[in-house]
Amino acid sequence: MLVYHLPGTFETREAHLDLLWEAGATGLEERAGLIRAYFDGQTDLPADISDGEWRDEADQDWQAEFKANLRPVQAGRVTIVPPWLRAEVPAGQVPLIIEPGMAFGTGHHATTRMAVEALSALDLAGQTVLDVGTGSGVLAIAAALLDARYALGVDIDPVTIPIATENAGQNGVPEGRAAFMVGTLGDDLPGDVVTDGVFDVLVANLYAELHDLLVGAYVGHLRAGGPLILTGILVSKLPLVQDALDREGFTDVQVRTDGDWALVTARSA
Ligand code: SAM
C-alpha cells in the first residue's frame, strides 16, 4: 500500500486535502496532525504539498501502531486518555476519555493540552462555558468534568457533533451539563435557554486569523470580566491576536507557548 505522509497545520488542512484529491489520492485519513493519502502509484505533486514523504506500508498495521504509541496526556488537574488507557490515570487526576477518531482533539496536540490546562486553572464550579470549534468536544467535556454548570460546544463541521456527544456520554457527563451544536458565533445558540447566549468563560482553539475576525463576537458572548482562552495560534501570529484583544478592550492579556504554538488568556472589559 503506497501512502503519502503530509504533516499538516489546521490552517492549511482544507487546501491540502483538496490538492491531494486532485492529484489522484484514492483515500485520505488524518491522524495526530498528519494527513495520510493513499495512492495507487507514486505521482508528481504540486509544490504546496511536496514536502511530505512516500511510504510503502504493505506490512504495517498503522491502526495498531498508532494506538500502541498513544500515551495519557496530563493537563493541569485533568488526564486525557483513550478508553483503553483509563487505568493509567493517576489517582487524584480527573480522567477525560477521548476515543481518537475523525474529530480533532485527542489531547495530543499542544493547543488542546494548553487549553485544558487553562480551564483547569480556573474555578469552574457553577460556571457556564462556551467552546468554539469543539471538534471531539474535549474542551467542553473538560469544563463539565471540572464542575462547570453547563458547557456548550459549537463547530461548523457537522461530523464533530455526534462524536462530541458520544465522548461526553462516555465520560458520564449528564445530559444538560454539556451540549453540542453545528454552528459558530453569531448563530442562535441553543444554550440561550441556559445562558441567554452570554457565558462565564469562553474557550476557542481555532487559528489567529479567525480569532482576529471573531474577537468582537467573543465580547458579545462573554460576561463582563469573564475569562477568555484562545489557542490554535502560531507564535509568529501572536501580534494579530494581541492587537485584536487590545482593540476590543480585553485586559490582563497573558501568553504561554509550547513549541510553535501559543495560548492567550485575557479578561473581557
Ligand atoms: N476544541 C478541540 C481541541 O481543542 O482539540 C478541536 C479544535 S480544532 C483545532 C478546531 C475546530 O474548529 C475544528 O473542529 C473545526 O471544524 C472548527 N472550526 C473551524 N472554523 C470554525 C468556526 N468559524 N466556528 C466554529 N468552529 C470552527
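What counts as what
Residues numbered from 1 in each chain as written. Predicted model: local features only at pLDDT ≥ 70, side-chain atom pairs only at ≥ 80, totals over all residues. Heavy atoms only, no water. UniProt positions renumbered as here; feature names shortened; annotations may be inferred. Helix = DSSP H or I, 4+ residues; strand = E, 2+ residues; numbered from the N terminus. Expected span 1.5 Å × (residues − 1). Bend = angle between axes of the 7 residues up to and from the residue. Buried < 20%, exposed > 50% of the residue type's maximum accessible area, 1.4 Å probe, protein only. Contact = heavy atoms within 4.5 Å. Pairing = 2+ DSSP bridges. Axes fitted to C-alpha atoms, helices over the stretch in contact; angles between N-to-C directions. Polar contact = N/O pair within 3.5 Å; in protein donor to acceptor, adjacent residues only side chain to side chain. Domains from an automatic or database assignment. Near = heavy atom within 4 Å. Areas by Shrake-Rupley, 256 points an atom, 1.4 Å probe, with all protein chains shown as cover. Nonpolar A, V, L, I, M, F, W, Y, C, P; charged D, E, K, R; others polar.

The name given to the protein chain in an unreviewed UniProt entry is Ribosomal protein L11 methyltransferase, with the source organism recorded as Deinococcus indicus. Checking UniProt for the protein chain, the heading Subcellular location (unreviewed entry) contains the comment "Cytoplasm". As recorded by UniProt, the Sequence similarities (unreviewed entry) comment attached to the protein chain reads in full: "Belongs to the methyltransferase superfamily. PrmA family."

J.: Help me understand helix α7 (residues 208-221) in this model?
T.: An α-helical segment advances 3.6 residues per turn. Residues three or four places apart therefore align on the same side. The terminal C-alpha atoms of α7, which comprises 14 residues, lie 19 Å apart, in line with the 20 Å expected from a rise of 1.5 Å per residue. The largest bend along α7 reaches roughly 55° and is located at L214. Within α7, the full set of buried residues consists of A208, H211, L214, V215, Y218 and H221. Considering only its buried residues, α7 is in contact with β8 (128-132), β11 (201-205), β12 (227-234) and α8 (238-247).

J.: Honestly, the sheet that holds strand β13 (residues 251-258) in this entry has me stumped. Any pointers?
T.: Two modes of strand pairing occur in sheets, parallel and antiparallel, and in both the strands are linked by backbone hydrogen bonds. The 7 strands lie next to each other as β10-β9-β8-β11-β12-β14-β13, forming an open sheet whose pairing is mixed. One side of each edge strand has no neighbouring strand; the edge strands of this open sheet are β10 (178-182) and β13. Looking at each pair of strands side by side, their axes are set apart by 15° on average, direction ignored. One ladder, built from 6 bridges, connects β13 with strand β14 (residues 261-267); its direction is antiparallel. Looking at β14, one finds that R256 is bridged to L263. Together, β9 (150-155) and β10 form the strand contacts of helix α5 (residues 160-170), whose direction differs from that of β10 by roughly 175°. Sheet contacts for α7: β8, β11 and β12; angle to β12, the most-contacted strand, approximately 170°.

J.: What is the right way to look at the UniProt feature "binding site: S-adenosyl-L-methionine" (unreviewed entry) in the protein chain in this model?
T.: Feature annotation in UniProt assigns "binding site: S-adenosyl-L-methionine" (unreviewed entry) to the following positions: T112, G133, D155 and N205. In this structure, G133 is in contact with V154, D155, N205 and L206, ignoring residues within four places of it in sequence. Within the structure, the side chain of N205 is placed 3.0 Å from the side chain of T111, a separation counted as a polar contact.

J.: Please explain the domain arrangement of the protein chain as it appears in this structure.
T.: Frequently, the measure chosen for interface size is the accessible area removed from exposure when the parts meet. Partitioning the protein chain into structural domains gives domain 1 (2-67) and domain 2 (104-267). Centre-to-centre, using C-alpha coordinates, domain 1 lies 29 Å away from domain 2.

J.: Please explain the site of the ligand as it appears in this structure.
T.: Surveying the vicinity of the ligand reveals 17 residues, the closest of which are T112, G133, D155, T184 and N205. A distance of 2.7 Å separates an oxygen atom of the ligand from a polar side-chain atom of T112. In this structure, a nitrogen atom belonging to the ligand sits 3.3 Å away from a main-chain N or O atom of T134. Coverage of the ligand by the protein amounts to 92% of the 600 Å² it exposes when considered alone. Considered class by class, the residues forming the shell around the ligand number 7 nonpolar, 8 polar and 2 charged.

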